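Commentary on secondary and tertiary structure
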There are 2 protein chains.
Amino acid sequence: MTQPQTAPARPRVVIVGAGFGGLALAKGLADAPCDVTLIDRRNHHLFQPLLYQVATAGLAPTQIASPIRSVVRGQANTRVILGEVAGVDRARRQVKLSDRVIPYDILVLATGATHAYFGHDDWEAFAPGLKTLEDAIDVRRRVLLAFERAELTDDAAERERLLTFVIIGAGPTGVELAGAIAELARRAISCDFRVIQGAMARVYLVEAGPRVLTAFPPHLSAYAARALEKLGVTVATGRAVTACDALGVELDGKSRIEARTLVWAAGVRASPAATWLEAERDRAGRAMVGADLSVAGAPDIFVIGDAAHAQADGKPLPGVAPVAKQQGEYLARLIKARLADRPAPGPFRYKDYGNLATVGRQAAVVAIGKASLKGFIAWLFWGAAHVYFLIGFRNRIAVTLDWLWAYITFDRGSRLITGDIMPKTPEPAPRAAARRPLEPVH
Amino acid sequence: MTQPQTAPARPRVVIVGAGFGGLALAKGLADAPCDVTLIDRRNHHLFQPLLYQVATAGLAPTQIASPIRSVVRGQANTRVILGEVAGVDRARRQVKLSDRVIPYDILVLATGATHAYFGHDDWEAFAPGLKTLEDAIDVRRRVLLAFERAELTDDAAERERLLTFVIIGAGPTGVELAGAIAELARRAISCDFRVIQGAMARVYLVEAGPRVLTAFPPHLSAYAARALEKLGVTVATGRAVTACDALGVELDGKSRIEARTLVWAAGVRASPAATWLEAERDRAGRAMVGADLSVAGAPDIFVIGDAAHAQADGKPLPGVAPVAKQQGEYLARLIKARLADRPAPGPFRYKDYGNLATVGRQAAVVAIGKASLKGFIAWLFWGAAHVYFLIGFRNRIAVTLDWLWAYITFDRGSRLITGDIMPKTPEPAPRAAARRPLEPVH
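Remember, predicted model here, so these are calculated numbers, not experimental data.

So, the overall build of chain A
- Within chain A, the secondary structure is distributed over 11 helices and 27 strands.
- When burial is assessed residue by residue, chain A has 56% of its 442 residues classed as buried.
- Relative to all contacts within chain A whose residues are 6 or more apart in sequence, the contacts with residues 24 or more apart total 65%.
- Counting only carbon and sulfur atoms, one obtains 56% of the accessible surface of chain A, whose full area is about 18,600 Å².

See the structure below:
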């Protein structure tokens with residue numbers, strides 16, 4: 001019952017990671033004369049741009065995840081392996097999994113990035129990040145449990161802490177998360193509780209830089225900040241987080257926000273692709289790649305997406321889905337040209353179709369080249385674009401219906417707490433003297 | 001910011017458990033002159049009859065769960081507490097939670113049941129049951145991971161074990177689960193893998209009794225068994241499980257089925273309601289209740305649903321959703337009559353509207369009184385009845401659309417593995433001599 005071995009002459013392309021980059025590459029190689037192996041430690045491709053909606057109970061996990069096997073189902077030359085990569089043996093040309101090795105002729109690492117705590121990994125227990133479905137389910141549990149515990153407590157200070165939410169980092173994820181939590185608190189939750197009311201909730205968006213959404217033009221940043229304030233979010237720019245604990249965050253080493261729920265959206269660190277390859281890397285751990293996305297001195301090894309540092313006009317490309325996707329598509333063309341002995345395509349060029357971020361109901365910002373949109377029209381555009389890019393026809397329908405439902409009813413359907421109802425965050429020892437007064441942050 | 005205390009004259013009705021019974025009671029008391037407290041250790045009401053569909057990736061967890069707060073949102077006299085009950089202090093008339101006590105004037109325990117392993121609790125690690133969403137997500141992970149591992153392994157015996165699924169207990173849950181796993185293996189999975197094929201999968205349904213679905217008339221049991229066999233399920237009735245381990249099950253102390261995935265659907269044990277009350281209980285741990293569902297000597301304490309042993313015509317009522325629901329509705333009438341000083345309704349009478357079970361695509365059995373239905377019409381009836389009884393208009397739409405989609409495409413949309421990709425079942429030590437030859441079980 002073992003699979004017949006294919007002829008050894010057929011080149012073996014091994015892709016690690018089935019995110020936007022790896023999946024675009026695998027799909028681009030569907031009809032190529034090679035054997036494609038797609039390795040991922042999850043069985044699903046995750047549509048990360050909507051992860052914040054799972055974290056705030058707007059969408060269910062299955063709605064933004066597609067089984068990888070289903071996505072490449074029609075490609076006879078492609079096999080999928082669920083496994084965790086431990087390293088790469090460049091001398092033997094093998095990818096090492098925990099229990100086997102996968103030989104390659106061409107290797108593409110598209111392993112993405114994870115949260116970075118800038119040397120403070122102990123903050124992760126208090127301020128989890130948002131990169132996987134498990135992360136999103138965990139944040140959803142923390143947020144919903146905070147409401148439940150606030151409803152029950154008789155301690156006014158504790159209730160205030162439980163109803164205070166701090167989002168650290170005001171990139172698109174931070175902005176979207178802050179807006180969604182504010183909406184969840186003010187509208188959907190308001191009518192379900194008896195003691196707490198939506199207006200008691202406080203949402204802070206803390207950003208060390210001078211403005212929110214720094215990838216957007218300043219006037220859109222200003223619009224987004226205003227839209228957030230209108231939702232009740234306190235935007236605190238120019239404030240650096242200097243400590244996180246179970247009771248809150250410390251800002252600039254002097255003031256504190258007392259809060260039970262913190263979410264980290266402040267920075268990412270590349271996955272260890274560069275380390276596996278012993279290749280040159282930048283400060284964020286990304287592998288330096290050339291104009292054709294290959295690693296220096298290894299024309300058969302490529303790194304794409306958030307794990308790679310590719311440059312355009314002397315500046316690194318941003319760690320966003322369209323870059324990864326276009327790099328995957330480019331590599332598919334390059335590999336097919338190489339297999340056909342055709343000349344390779346020129347260097348990779350990123351086509352920037354623009355930036356989108358949503359702030360909340362009926363508010364979003366869109367920057368396309370020099371053009372920009374904001375408000376309701378931008379919000380419709382944002383919704384349409386995200387539904388369009390969702391992998392899987394079925395999820396598109398389900399997400400569209402869910403959003404229409406939520407729009408009409410203000411309801412959040414996925415308010416599900418699974419797992420332990422006791423908080424995961426370690427309880428702090430009572431701190432008597434160390435407790436600083438709560439200074440206004442804004 | 002604390003809630004104003006209601007006048008002490010208003011009787012306090014405390015309901016523990018927001019399953020079918022507790023929720024029906026709470027809803028029945030919506031306009032009653034009392035303060036209702038609904039305590040559950042989950043934030044959601046779970047539609048257990050469709051749990052097997054979550055376990056087999058047909059539906060997403062959120063589709064069969066409704067936040068309890070939303071269900072009773074419109075009832076100003078009802079508050080919801082997310083908490084785990086530790087016991088009941090009958091002398092002080094208080095329910096004890098981990099961090100507080102809830103005083104009651106009338107107490108209703110509707111705490112349901114859990115799996116029973118008949119004194120072999122160590123089997124649970126190998127053969128998990130299906131009572132909560134977490135259970136269903138765990139079974140889904142085990143089934144999907146078994147396919148993934150079978151695809152990868154080079155060991156033929158291990159592949160066979162990984163593709164063998166044993167369901168223990170042939171009540172409705174066991175029958176539905178066996179049918180769904182067989183369908184998942186044969187159809188939806190078949191095209192997604194390269195090495196394994198659907199036809200390699202083996203599904204056993206093991207039952208100690210003489211036939212499947214003993215609550216149904218014999219001719220429907222026979223039809224269900226035939227329908228299961230048609231799906232490729234091996235039905236093994238009259239075979240008792242005498243051991244479960246990481247490599248399979250032992251039957252009747254002599255033969256074995258080698259299997260990596262076991263699911264327990266064989267028996268339930270009541271929750272500790274009777275123990276909390278120090279009340280008389282039956283062998284399954286259910287509290288004995290009188291004709292008005294109250295506990296002997298305590299006219300203000302009631303037990304309903306799977307936690308209770310109520311009798312009709314000298315026989316205990318079955319542990320099914322309609323019994324719990326009708327008991328909840330009955331108690332609402334009784335409590336309202338008592339509060340209004342009206343005469344109490346007569347003893348509780350269960351109206352048996354019939355039994356339903358589905359075997360797989362286009363096959364189900366329905367027994368209503370002496371009438372019975374089977375096949376496609378019964379399957380449509382089953383689907384309509386389940387959608388009708390699903391709590392929440394939104395979930396009804398979502399489930400209907402999902403089923404239509406699955407019916408048209410044969411696709412299973414919720415094939416999501418979350419959490420650790422390593423199996424949770426402890427790996428066995430290699431057993432050299434103890435390994436019995438695999439005898440046919442059928």
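Back to the write-up after that little detour.
Let's talk about the domain arrangement of chain A
Residue and element names in this part refer to chain A.
- According to the domain assignment, chain A contains domain 1 (12-41 + 83-115 + 269-339) and domain 2 (121-266).
- Using C-alpha coordinates to define each centre, domain 1 is positioned 34 Å away from domain 2.
- Taken together, the contact between domain 1 and domain 2 spans 5 residues of the former and 7 residues of the latter.
- Buried surface at the junction of domain 1 and domain 2, summed over both partners, amounts to about 370 Å²; 53% is from carbon and sulfur atoms.
- Of all residues in domain 1, Ala-113, His-115 and Arg-269 bury the most surface against domain 2, accounting for 87% of the area lost on that side.
- Linking domain 1 to domain 2 there are 0 salt bridges.
- Scanning the region where domain 1 abuts domain 2 turns up 1 residue pair in polar contact (both at pLDDT 80 or more).
- Of all the elements, strand β10 (residues 113-115) adds the most residues to the side of domain 1 that touches domain 2, at 3 residues.
- Residue composition of the side of domain 1 that touches domain 2, grouped by class: 1 nonpolar, 2 polar and 2 charged.

Points about the packing of aromatic side chains
- Applying the stated criterion across every chain yields a total of 16 aromatic pairs over all chains.
- Linked through ring pairs, Tyr-117, Phe-118, Trp-123 and Trp-264 of chain A together constitute an aromatic cluster.

Remarks on the packing of helix α1 (residues 20-28) of chain A against helix α9 (residues 321-339) of chain A
Residues and elements named next belong to chain A.
- It is at 7 Å that the axes of α1 and α9 come closest, and there the two elements cross at 30°. Here α1 lies roughly parallel to α9, going by the angle between them. Helix-helix and strand crossings are classified by hand; for α1 and α9 the assignment is right-handed. On the side of α1, the interface is formed by Phe-20, Gly-21, Ala-24, Leu-25 and Gly-28, while α9 contributes Ala-321, Ala-324, Lys-325, Gly-328, Glu-329, Leu-331, Ala-332, Ile-335 and Lys-336.
- Taken together, the residues of the contact of α1 with α9 break down into 8 nonpolar, 3 polar and 3 charged.

Some thoughts on helix α4 (residues 133-152) of chain B
- With 20 residues, α4 of chain B extends 29 Å between its outermost C-alpha atoms, agreeing within 8% with the 28 Å of an ideal straight helix rising 1.5 Å per residue.
- Counting buried residues in α4 of chain B gives 18 out of 20 residues, a clear majority hidden from the surface.

Thoughts on the pattern of salt bridges
- Under the criterion given, the structure shown has 44 salt bridges over all chains.
- For Arg-100 of chain A, the salt bridge goes to Asp-99 of chain A, with nearest N and O atoms at 3.3 Å.
- For Asp-99 of chain A, a relative accessible area of 55% puts it in the exposed group.
- Notably, a salt bridge pairs Lys-336 of chain B with Asp-31 of chain B, separated by 3.6 Å at the nearest N-O pair. Taken together, the positions of Lys-336 of chain B in helix α9 (residues 321-339) and Asp-31 of chain B in the loop between α1 (20-28) and β2 (35-40) put the pair 305 residues apart, joining distant regions of the chain.

Some points on the pairing of strand β15 (residues 248-251) of chain A
All names here are of chain A.
- Looking at chain direction, strand β14 (residues 241-245) and β15 are connected through 4 bridges and run antiparallel. Across the sheet, residue Val-241 finds its bridge partner in β15, namely Leu-251.
- Taking the residues between adjacent antiparallel strands as the criterion, β14 and β15 are bridged by 2 residues.
- When β15 meets strand β16 (residues 255-258), the two strands line up antiparallel, connected through 4 bridges. Following the sheet pairing, Glu-250 is matched in β16 by Arg-256.

Concerning the sheet that holds strand β7 (residues 94-97) of chain A
Residue and element names in this part refer to chain A.
- The 3 strands lie next to each other as β6-β7-β8, forming an open sheet whose pairing is antiparallel. Edge positions in the open sheet fall to β6 (85-89) and β8 (101-103), since each of these has one partner strand only. Across this sheet, the average inter-strand angle for adjacent strands is 20°, counted without regard to direction.
- Taken together, the 4 bridges between β6 and β7 define a ladder with antiparallel strand orientation. Looking at the pairing, Asp-89 lines up with Gln-94 of β7.

Describing unusual backbone geometry
- If you check the backbone angles, Asp-252 of chain B has positive phi at about 55° while not being a glycine.
- Look at Asp-252 of chain B and you get partly exposed, because its relative accessible area is 29%.

What about the environment of Ala-298 of chain B?
- Structurally, Ala-298 of chain B is set in strand β21 (residues 298-303).
- With 29 residues separating them along the chain, Ala-298 of chain B and Arg-269 of chain B place their C-alpha atoms 23 Å apart.

Regarding the pairing of strand β26 (residues 363-368) of chain A
Residues and elements named next belong to chain A.
- Most of β26 sits out of view: 5 of its 6 residues are buried.
- Relative to β26, strand β25 (residues 355-360) is paired through 5 bridges, and the arrangement is antiparallel. The residue of β26 that forms the bridge with Asn-355 is Ala-367.
- Between the end of β25 and the start of β26, which pair antiparallel, lie 2 residues, with Gln-362 showing a positive phi angle near 65°.
- Pairing between β26 and strand β27 (residues 371-374): 4 bridges, direction antiparallel. Its bridge partner lying in β27, Ile-368 is registered against Ala-371.
- Hairpin connection, β26 to β27: the antiparallel pair is bridged by 2 residues, and Gly-369 has positive phi, about 55°.

Some points on a nonpolar patch on the surface
Residues and elements named next belong to chain A.
- A surface patch of nonpolar side chains, about 500 Å² in accessible area, is lined by Ile-368, Leu-373, Phe-376, Ile-377, Leu-380 and Phe-381.
- At 4 residues, helix α10 (residues 376-389) tops the list of elements feeding residues into the nonpolar patch.
- Here Leu-380 lies in helix α10.
- Classification of Leu-380 as partly exposed rests on a relative accessible area of 44%.

A word on the sheet that holds β21 of chain B
All names here are of chain B.
- The strand order across the open sheet built from 6 strands is β5-β2-β1-β9-β21-β20, with neighbouring strands paired in mixed fashion. Sheet topology places β5 (78-82) and β20 (294-295) at the edges, where each strand pairs with a single neighbour.
- Examined bridge by bridge, strand β1 (residues 12-16) and strand β9 (residues 106-109) share 4 bridges and lie parallel to one another. Paired with Val-13 across the strands is Ile-106, a residue of β9.
- Together, β1, β9 and β21 form the strand contacts of α9, whose direction differs from that of β21 by roughly 160°.

Some words on the side chain of Arg-260 of chain A
Residue and element names in this part refer to chain A.
- Positionally, Arg-260 belongs in the loop between β16 and β17 (261-264).
- Separated by 3.1 Å, the side chains of Arg-260 and Glu-158 make a polar contact.
- A polar atom in the side chain of Arg-260 sits 3.3 Å from the backbone oxygen of Ala-246.

Looking at the confidence of the model for chain A
- Scored by pLDDT, chain A comes out at a mean of 88, with 89% of its residues at no less than 70.
- Counting interchain partners and residues more than four positions distant, the pLDDT-below-50 stretch residues 422-442 of chain A has 44 contacts.

Some thoughts on α1 of chain B
Residue and element names in this part refer to chain B.
- Across the 9 residues that make up α1, a large majority, 7, are buried.
- Burial in α1 covers these residues: Phe-20, Gly-21, Gly-22, Leu-23, Ala-24, Leu-25 and Ala-26.
- On the buried face of α1, the contacting elements are β1, β2, β3 (44-46), α3 (68-71), β9 and α9.

Overview of the side chain of Gln-53 of chain A
All names here are of chain A.
- Checked against the element boundaries, Gln-53 lands in helix α2 (residues 51-55).
- Residue classification places Gln-53 among the buried positions, given a relative accessible area of 11%.
- In this structure, Gln-53 is in contact with Gly-58, Leu-59, Trp-382 and Trp-403, ignoring residues within four places of it in sequence.

About the cut-offs
Residues numbered from 1 in each chain as written. Chains lettered and ligands numbered in written order. Predicted model: local features only at pLDDT ≥ 70, side-chain atom pairs only at ≥ 80, totals over all residues. Heavy atoms only, no water. Helix = DSSP H or I, 4+ residues; strand = E, 2+ residues; numbered from the N terminus. Buried < 20%, exposed > 50% of the residue type's maximum accessible area, 1.4 Å probe, protein only. Contact = heavy atoms within 4.5 Å. Areas by Shrake-Rupley, 256 points an atom, 1.4 Å probe, with all protein chains shown as cover. Domains from an automatic or database assignment. Buried area = accessible area lost by both parts, 1.4 Å probe. Salt bridge = Lys/Arg side-chain N within 4 Å of Asp/Glu carboxyl O. Polar contact = N/O pair within 3.5 Å; in protein donor to acceptor, adjacent residues only side chain to side chain. Nonpolar A, V, L, I, M, F, W, Y, C, P; charged D, E, K, R; others polar. Phe/Tyr/Trp six-rings, centres within 6.5 Å; stacked < 30°, edge-to-face > 60°. Axes fitted to C-alpha atoms, helices over the stretch in contact; angles between N-to-C directions. Parallel < 35°, antiparallel > 145°, perpendicular 65-115°, else oblique. Left-handed = near helix turned anticlockwise from the far one by under 90°. Expected span 1.5 Å × (residues − 1). Pairing = 2+ DSSP bridges. Patch = residues over 30% accessible without salt bridge, like charges linked within 9 Å, V, L, I, M, F, W, Y side chains within 5 Å. pLDDT = per-residue confidence, 0-100.

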